[in-house]
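As a plain string of letters, each chain reads:
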Amino acid sequence: MSEEAKEYAFFLGCITPNRYPGIEAATKRIFKEFGIETKEMVGASCCPAPGVFGSFDMHTWLPVAARNLCIAEEMGLEIYVTCNGCYGSLQEADHLLKDHPKLKEKTNEVLGKFGREFKGTTKVHHSIVILHDVIGLDKLKERMTKPMNDVNVAVHYGCHFLKPSEVRGHGSSETPYIMEDLVKVTGAKEVDYKDKLMCCGAGGGNRTADTPQSLEWTRQKLVNAIEAGCDCMVHPCAFCHLQLDRGQDEMNKAFGTTFNFPILFATQFLGLAMGLSQTECGLDIQTTTMPEKLLK
Amino acid sequence: MGTLYEDIVDHGGEVFGKEHMETLMLCVQCGKCTGGCPSGRYTAFRTRKLFRMAQEDMREEIFNAPELWFCSTCFTCYERCPKGVKTTDLIRVIRNLAAKAGHMSVPHRMIGVYVLKTGHAVPVGEPQMKLRKAVGLDEMAPTTQKYKEQLEQVQEIFRTTHYDAMIDFDWNTMNLREAEGDEKK
Ligand code: SF4
Ligand code: SF4
């Protein structure tokens, strides 16, 4: 193991392992290439979704999220995630429990029923921040054996990676840069498009409350990216991936459209640029298909 | 039960702190939240109006409007509110109170059923196990869905907070009581 090798607990959540395992495989693979070891969190559950369970009952959401944090604490590791929902949920819970001693006490009463205790010894990171800040752009750049020189990319952030910015700490939510940097490091062009920072439409239980209505948001987002001349959309969130990718099939059925606009999670896009095959990145087992331009 | 505002401060205050919830009363109806709200473009949900109604204690009107559930919790309004109203957190807490009062759709309640059965809102099934194998992963991730004793811990949490009762969950059928047979909602 090199000196810089570092271990993290990978908090999988639901959508990554159970719908888009390509995101799980590509992320682990790339991290390993850069000397970052991934450990599995045995017994982890749904994060649970901050906008969904947070909307139903905060008092249930919090101990379930805290239980997940305990698993990483028991492993003595910090966490990384591949979904903005997981990021939002676990980071928010960690933050609240560290800030409010009484809340921590109350939560630990629940966790104590099965012998667990939140101590406040872990930290929650997003995988794209590890790529950007721990591995770093210089090292990433050296490994881009299949640069994406003529590819125009629409960056989609999703919401809970950037906001609330007072908790996330990635600077202004109106002028983000991390995803842009990661796209540009592959040689691709990051293209601005109308309402780039808009939500995919899925969060907060909106997708479940009214799927066709939530797909209207998604459709507008995709149309804006396509009209700006983008070849694909790259994002950091498994839940957005579901809405943006499978949502295209749902839209085509519901609205009679013919969308097939390539959707890639950040590590899937970086993976292709590092010479991994689309099979290794799980891009041939999803709804939208990859054009030759991204694969050559 | 006090006024809606008092209930918001009580229920949400325990998690976020009371001051966080008290920001509801700082809203001056400027409309910046609604102006940047993606939901407002596609639905009848109006953030500014919701806070006015909450200030005015219009509990039933708020709880009975389906729009309450059309906020995606994108936090755009939260970032932009010039008065520091903790908008998205207030919306989630108002929804908590609505859910407690029985205003929760069957599809929303079903999310709880999946978590009670597997620990996941989106569980793995046979087709997805094949996808996992295709990318070189184990058929099942080592989560609550794989380990029963781990799942039982999540179930214990739901029992303790009475989430099972809130969605009318039947432990014998491991499903919603009302969802048996014909759909009621
Ligand atoms: S932006 Fe803030 S102050 Fe203005 S209407 Fe919305 S919640 Fe009220
Ligand atoms: S958090 Fe909800 S209310 Fe606020 S801008 Fe987003 S969708 Fe609209």
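Residues numbered from 1 in each chain as written. Chains lettered and ligands numbered in written order. Predicted model: local features only at pLDDT ≥ 70, side-chain atom pairs only at ≥ 80, totals over all residues. Heavy atoms only, no water.

A. Expanded view of the overall build of chain B. Across its full length, chain B holds 12 helices and 2 strands. Taken from the N to the C terminus, the helices and strands of chain B come in the order α-α-α-α-α-α-α-α-α-α-α-α-β-β. The principal-axis extent of the C-alpha atoms belonging to chain B is close to 55 × 40 × 35 Å. Counting the 185 residues in chain B, one finds 54% classified as buried. Accessible area for chain B stands at about 8,300 Å²; split by element, carbon and sulfur atoms hold 50% of it. Looking at charge distribution, chain B has the averaged site of its 25 positive side-chain charges lying 7 Å from that of its 26 negative ones. (Helix = DSSP H or I, 4+ residues; strand = E, 2+ residues; numbered from the N terminus. Buried < 20%, exposed > 50% of the residue type's maximum accessible area, 1.4 Å probe, protein only. Areas by Shrake-Rupley, 256 points an atom, 1.4 Å probe, with all protein chains shown as cover. Lys, Arg positive; Asp, Glu negative; His and termini not counted. Charge placed at Lys NZ, Arg CZ, Asp CG, Glu CD.)

B. A look at the interface of chain B and chain A. In this assembly, 61 residues from chain B lie in contact with 69 residues from chain A. Taking both partners together, chain B and chain A bury about 5,700 Å²; carbon and sulfur atoms supply 62% of that area. Joining chain B to chain A, the criterion identifies 7 salt bridges. We note a salt bridge from A:Asp195 to B:Arg41, for which the minimum N-O separation is 2.8 Å. Where chain B touches chain A, the interface holds 33 residue pairs in polar contact (both at pLDDT 80 or more). (Contact = heavy atoms within 4.5 Å. Buried area = accessible area lost by both parts, 1.4 Å probe. Salt bridge = Lys/Arg side-chain N within 4 Å of Asp/Glu carboxyl O. Polar contact = N/O pair within 3.5 Å; in protein donor to acceptor, adjacent residues only side chain to side chain.)

C. Geometry of the packing of aromatic side chains. Summed over all chains, the structure comprises 13 aromatic pairs over all chains. Taken together, a centroid distance of 5.0 Å and an interplanar angle of 85° make the contact between B:Phe169 and B:Trp171 edge-to-face. One aromatic cluster in this structure is built from A:Phe53, A:Phe56, B:Trp69, B:Phe158 and B:Tyr163. Of note, A:Arg143 hangs over the ring of A:Phe34, and the distance from its end group to the ring centre comes to 5.1 Å. (Phe/Tyr/Trp six-rings, centres within 6.5 Å; stacked < 30°, edge-to-face > 60°. Lys NZ or Arg CZ within 6 Å of the ring centre and 35° of its normal.)

D. The domain arrangement of chain B, seen in detail. With domains assigned, chain B is organised as domain 1 (4-100) and domain 2 (106-176). For domain 1 of chain B versus domain 2 of chain B, the distance between C-alpha centres works out to 30 Å. (Domains from an automatic or database assignment.)

E. Broad picture of the sheet that holds strand S8 (residues 263-265) of chain A. All names here are of chain A. Spatially, 4 strands are ordered S6-S5-S7-S8 in an open sheet, and the strand pairing comes out parallel. The open sheet has two edge strands with one neighbour each: strand S6 (189-190) and S8. Pairing of strand S5 (residues 152-155) with S6, which is carried by 2 bridges, proceeds in the parallel orientation. Within S6, the residue paired with Asn152 across the bridge is Lys189. Lying on the sheet, helix H12 (residues 238-255) is in contact with strand S7 (232-235) and S8; it crosses S8 at an angle near 165°. Contacts from helix H13 (residues 266-273) reach S5, S7 and S8 within the one sheet, and its direction differs from that of S8 by about 90°. (Pairing = 2+ DSSP bridges. Axes fitted to C-alpha atoms, helices over the stretch in contact; angles between N-to-C directions.)

F. Looking closely at the domain arrangement of chain A. Residues and elements named next belong to chain A. Split into domains, chain A comes out as domain 1 (6-125) and domain 2 (137-290). With centres defined by C-alpha atoms, the gap from domain 1 to domain 2 works out at 23 Å. Counting residues at the interface gives 27 residues for domain 1 and 33 residues for domain 2. For the pair domain 1 and domain 2, the two sides together bury roughly 2,400 Å², of which 66% comes from carbon and sulfur. When the buried surface of domain 1 facing domain 2 is broken down by residue, Tyr20, Phe34 and Asn84 rank first, second and third, together holding 28% of it. Remark: the boundary between domain 1 and domain 2 carries 2 salt bridges.

G. Focus on the site of ligand 1. Surrounding ligand 1, one finds 14 residues, the nearest of these being B:Cys27, B:Cys30, B:Gly31, B:Cys33 and B:Cys81. A per-class count over the shell around ligand 1 returns 8 nonpolar, 3 polar and 3 charged. (Near = heavy atom within 4 Å. Nonpolar A, V, L, I, M, F, W, Y, C, P; charged D, E, K, R; others polar.)

H. Fine view of the site of ligand 2. Residue and element names in this part refer to chain B. Taken together, 13 residues surround ligand 2, and among them Cys37, Cys71, Cys74, Phe75 and Cys77 come closest. Going through the elements one at a time, helix H7 (76-80) and helix H8 (87-100) are the ones with two or more residues in the shell around ligand 2. Here the shell around ligand 2 is built from residues that sort into 8 nonpolar, 5 polar and no charged.

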